[in-house]
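Architecture at a glance
What follows is each chain in one-letter form.
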Amino acid sequence: MNAFVHHYERNTTGRDFAVGDIHGCFRLLQTVLDGVGFNPEVDRLFSVGDLVDRGPDSEMALEWIDKPWFHAVQGNHEDLAIRYVNPGQRDAAHYAMNGGAWLIGKTPHEQQDYALGLAALPYAIEVETADGLIGIVHADICGPTWGGMVQRFAEVKSSNSLKAITNMVLWCRDRISLEDHSGVPDVRAVIVGHTPLSSPAALGNVYHIDTGGWLPRSGHFTLIDLGTLKYQSVETA
Ligand SMILES: [Mn+2]
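Bear in mind that the values here come from a model prediction, so they are computed numbers and not experimental data.

Regarding the packing of helix 3 (residues 76–85) against helix 6 (residues 108–119)
Interaxial distance between helix 3 and helix 6 falls to 9 Å at its minimum, and their mutual angle equals 140°. Compared by their axis directions, helix 3 and helix 6 come out oblique. For the pair helix 3 and helix 6, the crossing hand works out as left-handed. The residues of helix 6 that touch helix 3, namely those facing Glu78, Ala81, Ile82, Tyr84 and Val85, are Gln111, Gln112, Ala115, Leu118 and Ala119. Here the contact of helix 3 with helix 6 is built from residues that sort into seven nonpolar, two polar and one charged.

Put into structure tokens, the structure is as follows:
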């Protein structure tokens, strides 16, 4: 195990859920959690990343990351935010086009705080469940197996070798666009977001749960119960 991959033991007292891309809709997400009777004392919520950009509450991201029951991986929008704050990579026009106006408008000190907080998130999370290990990444795993990806993360020696992995993990859409049903053999399931769908879709044991909760009118948040792998769609409009 390493800083890029976080591991969680089985939750023996409550439920575990994962949710698709949040994109600055934390208040809406809270109403969804209320809708399933989420109990922060015993339940846990895992996020496939893309906490920020586009929606109205992106500045609440650090507050949510601090919640003891909320555990997120980085998405490509965390990557965009971190890169925007890095002086050598700053491209305000590009980031604004991708929903980053909320961060562009902050002071340099505040921007630094957000970049550090988002960069502390892992790229992958694994959760023990009664029926086996479940992996969570933003877009897709890197390589054919979960264990192989974790091993590659552990062997990272340079920013280039990290980037070779995160290019896949944060950005890749091949599995969904090619309708690849081959799945991931060494885990019970993998949960991903990144590509908004009208309803959640399992390709083999890879569950795509981003139903565009942040999209006005057309979207809604989907939760997946990691115990049962059943979806819970909560209408909030
Ligand atoms: Mn994304």
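Next comes the rest of the account.
Considering the coordination of the manganese ion
Listed as protein donors to the manganese ion are Asp50 (OD), Asn76 (OD1), His138 (NE2) and His194 (ND1); their distances from the metal cover 2.2 to 2.3 Å. The motif formed by the donor residues of the manganese ion, counted along the single chain, is D-x25-N-x61-H-x55-H. Here Asp50, found in the loop between strand 3 (44–47) and helix 2 (61–65), pairs with His194, found in the loop between strand 7 (189–192) and strand 8 (201–203); they are 144 residues apart in sequence, far enough to count as distant. Under the relative-accessibility criterion, His194 is labelled buried at 5%.

Side note on the packing of helix 7 (residues 146–154) against helix 8 (residues 159–171)
Angle between the axes and distance between the axes: these two values describe a pair of packed helices. In the contact formed by helix 7 and helix 8, the axes pass within 9 Å of each other and the chain directions differ by 145°. The chirality of how helix 7 crosses helix 8 is left-handed. In contact with Met149, Arg152 and Phe153 of helix 7, helix 8 contributes Leu162, Ala164, Ile165, Thr166 and Val169. Taken together, the residues that form the contact of helix 7 with helix 8 break down as six nonpolar, one polar and one charged.

Details of helix 8
For an α-helix the count is 3.6 residues per turn, leaving residues at separations of three or four pointing the same way. Given a rise of 1.5 Å per residue, 13 residues ought to cover 18 Å, and the 17 Å separating the end C-alpha atoms of helix 8 matches this to within 8%. Along helix 8, the sharpest kink reaches roughly 30°, centred on Ile165. Turning to helix 8, its buried residues are Leu162, Ile165, Thr166, Val169 and Leu170.

Points about the sheet that holds strand 9 (residues 206–208)
Reading across from one edge, 1-5-6-7-9-8 is the order of the six strands in this open sheet, with mixed pairing throughout. Two strands bound the open sheet, and with one partner strand each, they are strand 1 (5–8) and strand 8. With direction set aside, neighbouring strand axes in the sheet form an average angle of 20°. When strand 7 meets strand 9, the two strands line up parallel, connected through three bridges. Directly across from Ile191, in strand 9, lies its bridge partner Tyr207.

Here we look at the sheet that holds strand 4 (residues 70–72)
Strand order in the open sheet made by the five strands is 4-3-2-10-11, with mixed pairing throughout. Each having just a single partner strand, strand 4 and strand 11 (230–234) make up the two edges of the open sheet. Between one strand axis and the next, the sheet turns through 25° on average, direction left out of account. Contacts from helix 1 (residues 26–35) reach strand 2 (16–19), strand 3, strand 10 (221–225) and strand 11 within the one sheet, and its direction differs from that of strand 10 by about 45°.

Things to note about the side chain of His208
The topology assignment puts His208 in strand 9. His208 sits in the buried class, given a relative accessible area of 4%. Among the polar contacts made by the side chain of His208, one reaches the main-chain carbonyl oxygen of Val206 at a distance of 3.4 Å. Setting aside residues no more than four positions away along its own chain, His208 makes contact with Arg175, Ile176, Val192, Leu197, Pro200, Ala201 and Leu203.

Quick notes on the nonpolar core
Of all hydrophobic cores here, the largest spans 34 residues; its most connected members are Leu45, Leu51 and Trp64. Looking at this core, the elements that each hand over two or more residues are strand 2, helix 1, helix 2, strand 4, helix 3, helix 5 (101–104), helix 6 and strand 10. When neighbours within four sequence positions are excluded, Leu51 is seen to be in contact with Ile22, His23, Gly24, Phe26, Ala61, Ile65, Phe70, Ala72, Glu78 and Leu121. The next biggest cluster of nonpolar side chains, apart from the first, holds 20 residues, and it includes Leu133, Phe153, Val190 and Val192.

Describing the state of the cysteines
The final tally for this structure, using the stated rule, is zero disulfides. Cys142 carries a free sulfur, and the closest cysteine sulfur to it, the one in Cys172, is 9.0 Å from it. Judged by relative accessible area, which is 4%, Cys142 ranks as buried.

What counts, and at which threshold
- Residues numbered from 1 in each chain as written.
- Predicted model: local features only at pLDDT ≥ 70, side-chain atom pairs only at ≥ 80, totals over all residues.
- Heavy atoms only, no water.
- Axes fitted to C-alpha atoms, helices over the stretch in contact; angles between N-to-C directions.
- Helix = DSSP H or I, 4+ residues; strand = E, 2+ residues; numbered from the N terminus.
- Parallel < 35°, antiparallel > 145°, perpendicular 65-115°, else oblique.
- Left-handed = near helix turned anticlockwise from the far one by under 90°.
- Contact = heavy atoms within 4.5 Å.
- Nonpolar A, V, L, I, M, F, W, Y, C, P; charged D, E, K, R; others polar.
- Donors = N, O, S within 2.8 Å, 3.2 Å for Na, K, Ca; no water.
- Buried < 20%, exposed > 50% of the residue type's maximum accessible area, 1.4 Å probe, protein only.
- Expected span 1.5 Å × (residues − 1).
- Bend = angle between axes of the 7 residues up to and from the residue.
- Pairing = 2+ DSSP bridges.
- Polar contact = N/O pair within 3.5 Å; in protein donor to acceptor, adjacent residues only side chain to side chain.
- Core = buried A, V, L, I, M, F, W, Y, C linked by side-chain atoms within 4.5 Å.
- Disulfide = S-S within 2.5 Å.

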